[in-house]
Amino acid sequence: MIVNGAAREYSGSPAKRLADVLRDDFGLTGTKIGCNAGDCGACTVMLEGRQVCACLTPAAQAEGKPVVTVEGLQAHGALSRLQNAFLRHGAAQCGICTPGMLMAATDLLAANARPSRDDVLDAIGGVLCRCTGYQKIVEAILDTARHQPLPAAPEAGAAVGARSVKVDGLAKVDGREKYGADSIPADALWLRILRSPHHRATFTLGDTAPLLAQYPGLVRVFSAADIPRNGYGIYPDIKDQPVLADGLVRYRGEAVLAVVGSREAVEAVRDADLPIVYAVEPPLHGVAAAKAPGAKLVQADKPGNLLLEGGVIKGDADAAFAVCAAVAEGQFQTAFVEHSYIEPEAGWAQRVGDRIEIHATTQTPYMDRDEVAGVMRLLPEQVRIVPTACGGGFGGKLDLSVQPMIAVAAWQLGKPVACIYTRPESMAASTKRHPATVTAKFGCDAEGHLLAVRTNADFDTGAYASWGPTVANRVPVHATGPYFVPHVHNWGSAFFTNAPPSGAFRGFGVPQAAIAHETLLDDLARQLGLDRLEIRRRNAIRVGQATATGQVMEHSAGLGACLDALAPHWQAMQDDAARFNARRKQLRRGVGIGCMWYGIGNTSMSNPSVMRVALRQDGRFTLYNGALDVGQGSNTIMTQIVADAIGAPMALFDLVAGDTDLTADAGKTSASRQTFVSGKAAELAGLDLRRQILRLANAGEQARITLDGDMLVIADAGHSHRIALGSLPCLEGGKDVLLGQGRFDPPTTPLDANGQGVPYASYAFAAQIALVEVDPALGKVKVLRMVAAHDVGRAINPQQVEGQIHGGIAQGLGLALLEEYIPGRSENLHDYLIPTVGDMPEIEVLLIEDAEPLGPYGAKGVGEPGLVPTAPAILGAIRDAVDVRVTQVPLLPHRLRALIRQQEEAAA
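Residues numbered from 1 in each chain as written. Predicted model: local features only at pLDDT ≥ 70, side-chain atom pairs only at ≥ 80, totals over all residues. Heavy atoms only, no water.

**A short note on the overall build of the protein**
A tally of regular secondary structure across the protein gives 22 helices and 33 strands. Relative to the globule expectation of 29 Å for 908 residues, the C-alpha radius of gyration of the protein, 27 Å, shows essentially globular dimensions. Over its C-alpha atoms, taken along the principal directions, the protein stretches across nearly 85 × 75 × 60 Å. Each of the 908 residues in the protein was classed as buried or not, and the buried ones make up 63%. In the protein, of all internal contacts separated by at least 6 residues, the share reaching a separation of at least 24 is 78%. Accessible surface for the protein amounts to roughly 31400 Å². Of this, 51% is attributable to carbon and sulfur atoms. Of note, the protein has its 83 positive side-chain charges centred 2 Å away from the centre of its 96 negative side-chain charges. (Helix = DSSP H or I, 4+ residues; strand = E, 2+ residues; numbered from the N terminus. Rg over C-alpha atoms; globule rule 2.2 N^0.38 Å. Buried < 20%, exposed > 50% of the residue type's maximum accessible area, 1.4 Å probe, protein only. Contact = heavy atoms within 4.5 Å. Areas by Shrake-Rupley, 256 points an atom, 1.4 Å probe, with all protein chains shown as cover. Lys, Arg positive; Asp, Glu negative; His and termini not counted. Charge placed at Lys NZ, Arg CZ, Asp CG, Glu CD.)

**A look at the packing of aromatic side chains**
Think of a pair of aromatic rings as described by two things: how far the centres are apart, and how the planes are tilted against each other in angle. Counted by the stated rule, this structure contains 10 aromatic pairs. Their ring planes at 80° and their centres at 6.4 Å tell us that Phe-336 and Tyr-821 sit as a pair that is edge-to-face. Placement of Phe-336 in the loop between β13 (326-333) and β14 (337-338) and of Tyr-821 in the loop between α20 (798-817) and β33 (842-848) is noted, with a sequence separation of 485 residues between them. Across this residue pair, the class does not change: Phe-336 and Tyr-821 are buried. Judged by centre distance (4.8 Å) and plane angle (15°), the ring pair of Phe-621 and Phe-653 falls under stacked. A residue pair is termed long-range when its members are at least 10 positions apart, and Phe-621 in strand β25 (residues 621-625) and Phe-653 in strand β26 (residues 653-657) qualify at 32 residues. Feature note: the residues Trp-597, Tyr-760, Tyr-763 and Phe-765 constitute an aromatic cluster, connected by ring pairs. Positioned over the ring face of Phe-222 is Arg-220, at 4.3 Å from the centre of the ring. (Phe/Tyr/Trp six-rings, centres within 6.5 Å; stacked < 30°, edge-to-face > 60°. Lys NZ or Arg CZ within 6 Å of the ring centre and 35° of its normal.)

**What to know about the side chain of Asn-581**
The topology assignment puts Asn-581 in helix α17 (residues 559-583). With relative accessibility at 13%, the residue Asn-581 sits in the buried group. Here the side chain of Asn-581 touches Arg-589 through a polar contact of 2.8 Å, landing on its backbone nitrogen. When near neighbours in sequence (up to four residues on either side) are disregarded, Asn-581 contacts Leu-587, Arg-588 and Arg-589. (Polar contact = N/O pair within 3.5 Å; in protein donor to acceptor, adjacent residues only side chain to side chain.)

**Observations concerning the side chain of His-806**
Within the secondary structure, His-806 is located in helix α20. If we skip the residues at most four places from it in the chain, His-806 touches Thr-132, Gly-133, Gln-135, Lys-136, Met-840, Ile-843 and Val-845.

**Considering the state of the cysteines**
Counted by the stated rule, this structure contains zero disulfides. Cys-35 forms no disulfide, and the closest cysteine sulfur to it belongs to Cys-40, at a distance of 3.7 Å. (Disulfide = S-S within 2.5 Å.)

**Some words on the pairing of strand β29 (residues 719-724)**
By the bridge criterion, six bridges tie strand β28 (residues 711-716) to β29 in an arrangement that is antiparallel. What sits directly across from Asp-716, in β29, is His-719. (Pairing = 2+ DSSP bridges.)

**Here we look at helix α1 (residues 18-25)**
Of all eight residues in α1, six are buried; the element is thus mostly enclosed. Leu-18, Ala-19, Asp-20, Val-21, Leu-22 and Arg-23 are the residues of α1 that are buried.

**Section: the pattern of salt bridges**
Counted by the stated rule, this structure contains 51 salt bridges. Here Glu-827 ties to Arg-252 by a salt bridge, and the two come within 3.2 Å at their closest N and O atoms. With Glu-827 in the loop between α20 and β33 and Arg-252 in the loop between β9 (248-249) and β10 (255-261), the pair connects residues that are 575 residues apart, well separated along the chain. Here Glu-534 and Arg-537 are joined by a salt bridge, their closest N and O atoms 3.4 Å apart. Taken together, the positions of Glu-534 and Arg-537, both in helix α16 (residues 532-539) and three residues apart, correspond to about one turn of that helix. Given the relative accessible area of 24%, Glu-534 is considered partly exposed. (Salt bridge = Lys/Arg side-chain N within 4 Å of Asp/Glu carboxyl O.)

**A closer look at the sheet that holds β9**
Here we have three strands laid out as an open sheet, ordered β9-β7-β11, and antiparallel in their pairing. Single-partner strands in this sheet number two, and they are β9 and β11 (276-280). Where strand β7 (residues 201-205) and β11 come together, five bridges link them in antiparallel fashion. Looking across to β11, one finds that Leu-205 is bridged to Ile-276.

**So, the packing of helix α15 (residues 510-528) against helix α21 (residues 870-882)**
Two elements in contact, α15 and α21, have axes separated by 9 Å at closest approach and are oriented at 35°. The two elements α15 and α21 meet at a crossing, and its hand is right-handed. Mapping the contact onto sequence places Ala-514, Ile-515, Glu-518, Thr-519, Asp-522, Asp-523 and Arg-526 in α15 and Ala-871, Pro-872, Leu-875, Gly-876 and Arg-879 in α21. Class assignment of the residues belonging to the contact of α15 with α21 gives a composition of five nonpolar, two polar and five charged. (Axes fitted to C-alpha atoms, helices over the stretch in contact; angles between N-to-C directions. Left-handed = near helix turned anticlockwise from the far one by under 90°. Nonpolar A, V, L, I, M, F, W, Y, C, P; charged D, E, K, R; others polar.)

**Description of empty space enclosed by the protein**
Counting across every chain of the model gives 14 cavities of 30 Å³ or more. Its volume calculated, the largest cavity comes out at about 540 Å³. Forming the walls of the largest cavity are 37 residues, and the residues nearest its centre are Gln-632, Ser-672, Gln-804, Val-862 and Gly-863. By residue number, the principal contributor to the lining of the largest cavity is α20, which donates three residues. The volume enclosed by the second largest cavity comes to roughly 280 Å³. Elements represented by at least two residues in the lining of the second largest cavity include exactly β6 (189-195) and α12 (403-413). Of the residues contributing to the lining of the second largest cavity, the split by class is 13 nonpolar, five polar and five charged. (1 Å grid on protein atoms, 1.4 Å probe; cavity = no way out; pocket = protein on both sides within 12 Å on 5 of 7 lines; lining within 4 Å. Points joined across faces, edges and corners; volume = space filled by probe spheres on them.)

**Notes on the environment of Tyr-366**
Tracing the chain through its elements places Tyr-366 in helix α11 (residues 365-376). Residue class for Tyr-366 comes out buried when judged on its relative accessible area of 11%. Here the alpha-carbon distance between Tyr-366 and Pro-380, two residues 14 residues apart in the chain, equals 9.1 Å. Not counting the four nearest positions on each side in its chain, Tyr-366 is found in contact with Thr-660, Thr-663, Ala-664 and Asp-665. At a separation of 3.2 Å, a polar atom in the side chain of Tyr-366 contacts the main-chain carbonyl oxygen of Thr-660.

**Focus: the layout of surface pockets**
The calculated volume of the largest pocket comes to roughly 1500 Å³. Elements with a minimum of two residues in the lining of the largest pocket: α1, β6, α8 (263-268), β18 (417-420) and α13 (423-429). Top element by residues in the lining of the largest pocket is β6. It accounts for six residues. Residue composition of the lining of the largest pocket, grouped by class: 23 nonpolar, eight polar and 18 charged. In this structure, the second largest pocket occupies an estimated 920 Å³ of space. Together, 46 residues line the second largest pocket, and Ile-234, Tyr-235, Asn-602, Met-605 and Lys-668 are the ones closest to its centre. Every element with two or more residues in the lining of the second largest pocket is listed here: β12 (306-314), α11, α14 (468-478) and β24 (609-616). Ranked by the residues each element gives to the lining of the second largest pocket, the list is headed by α14, at six residues. Across the lining of the second largest pocket, the residue classes break down as 22 nonpolar, 14 polar and 10 charged.

**A look at the nonpolar core**
Of all hydrophobic cores here, the largest spans 207 residues; its most connected members are Phe-86, Ile-141, Phe-621, Ile-693, Ile-874 and Ile-878. Sort the elements by how many residues they give to this core and strand β31 (residues 763-775) lands first, with 10 residues. Those residues in contact with Ile-693 that lie beyond four places of it in its chain are Leu-615, Phe-621, Ile-646, Ile-705, Leu-712, Ile-714 and Leu-738. One finds Ile-227, Val-383, Ala-407 and Tyr-421 within the second-largest nonpolar core, a separate group that totals 35 residues. (Core = buried A, V, L, I, M, F, W, Y, C linked by side-chain atoms within 4.5 Å.)

**Focus on the environment of Lys-397**
Counting through the fold element by element, Lys-397 comes out in the loop between β17 (383-387) and α12. According to the relative accessible area criterion, Lys-397 is buried, its value standing at 3%. On a C-alpha basis, the gap between Lys-397 and Gln-363 in space is 5.4 Å, while along the polypeptide they are 34 residues apart. Look past the residues within four positions of Lys-397 in its chain and what remains in contact with it is Tyr-341, Glu-343, Thr-361, Thr-362, Gln-363, Thr-364, Cys-390, Gly-391 and Gly-392.

**Considerations on the sheet that holds strand β32 (residues 780-791)**
The strand order across the open sheet built from four strands is β23-β31-β32-β33, with neighbouring strands paired in mixed fashion. The sheet terminates laterally at β23 (588-599) and β33, the two strands that pair on one side only. With direction set aside, neighbouring strand axes in the sheet form an average angle of 20°. Pairing of β32 with β33 involves seven bridges; the strand directions are parallel.

Set out below in structure tokens:
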């Protein structure tokens, strides 16, 4: 076949997937595999000038024909106009879908150099993206005809606030970025995990030795007996999840055995040949079953199947409800939600002397290091985590996946061992968003000012604890919404069931609670005849007021400013909907609003980050950045912050990211913490290095630093000092001559028995409005437009902030209307639906910058806030359109149709 203009020969099965030939035989790993079923489009290439899914195309179909992959888009080493546009517009976040998007767009542009927006939607409709919300991808494709050079990196002092191109963007658009499955050594053994087909069962394991004879190429079968310490978990005192089950499986998809050998051998092993005898038991599904009297325990040491409970109590809620002019209450139900990152879990490990080295997709290298060390009974210093590029995480790659098993196998076998999850395996085994049952009651005075709130939230944490304690603790703090409420009684509980573990997923339970508190705000507005935006403006918590935990907001409480910014859009969209409804009867339009707040970082826990930056002998800087970038752009953000702190241009910075041998612990990429926490540590590191540089010339703080090759120039008060960096001694083990370090741990306090204290040092705020169109006869909803106002403190990189909000809105739309993971049934991306480009509305982002004094240059976080208010805004808009109150998500068409029928029957 003619691949990227060159003749390439493949000798093998004619039925081998073209994607595998390109990756395995030709080394063109820019073509990604996200599903192997034609659902995600990550493997899209050009065959004979048209886009095809390479995972569904047999090699024989390409014989003698031209194939173009993402690596072939560059002519003579120069980026194509399309690749250039993707960089300029920030169209690549994690980058795993980017090659597929580029190839689909190439197909379009070859036939139509000036496509319309609808043309673009049609062309890329077969490629899924979980990060971007698609808007910047569409903008980039439409802008391809207007060829412009990439903007230069910001000069000294101008990086913060600039729409800087991603520092790691080039590798994402030219196919060089290496994800978990992309750099596996040629001599690696392959590991496959064999999983339980039952939700709950005991089992006995027979002799596995005959498997080695039955399947030539197998070298080892691992069971629970081979794991040095067979338990891990997020919390230091909860290691309840086994690497391999030991006689008992608690959910369908739990790991039971691992086989290692050649790839062909491990993939050939059939479940029917395994020496396992299961005794199936009735499973517990749902919190009600887990709480039922006499329910069998999922974890033997957890009475009542209760993992954890806790709450926040302020004032006297019962007495306050007695004097309320209006009271609203309800019960709300949410489902399991799958992360659906386009990159399945993947990685490889090798033993290096008395150390184990793991290359894998992850959000938390240092926690991986410590957990693997615990499983293997090694010292943490004996474990090295080298994170690969992460093709989306959203919380799902905070928990261990392939890491412990490939580490154990590589350690014991003395050879590299690799593992790549299939899409069904990823969906069966990975963590989910917690299903929630939220019962809430809100009361206010005659003017709409909230007086009392009472909520109770029960969460299904699945078979193992994972992040259940974080969710159960965070939600009571946030369940009032971003409003001042003098009397509060909020409670949260997490229960074990026989479902996949529920873990971290963009918001830690706050999106579920927001559906409840925003619906009840709408209820109160209706009872009092108040505008829905106005009741929120009256209650928006402001500086000087106390939260439910008694924490006084001292600064940066920007919800009021967000609502003010939305007000003209709110009125205009309502007017548009009214005009449409006056002339159309079959379709109805409505407008809704949702608000949120989100505590940045861990709840009432130490949450430190350490960052380092060095000046090298060659006159360049190296940022040693342990804050893992999973697509949100922290590599770029940290570089912008540290560059301005030093007073140097971004172009002089190189990056070392995530490697636990080379970077300090910057904490987990979770809880929207990296910009605020690690960003502040980066600022402090830059300032530390700047002080060291100025000290070389005894210069004042206002001195200007420049670099002329390997010559350091310090200009101060009319004097210029030139220092040859080659004359300075190098620090141990490298070419660095100076090293700055910064550490930041946000000030918080533990919560007392009533949940009173300071759980977070800073809060993000947002408000979003949605315009929807509903077909009452079919129960179908189309979100037409959203306007999102977000208080981010300071936008370090506005383009990346917008992209995070776009992506959050896409996931919030999925939560509201599409996504429901059903254990044992949701196994692929054509049964489990995430938003496509055709599902997405037009989005306008309004950035509100209410500076946070603790944050770097005033910045807070935006990773999770983009998602939290979206579902409430959409549900409120549906209610405005067809007058039905939604209490269960996702609002699938049959559920909406049932609500409309109930309304029609009641009216009759």
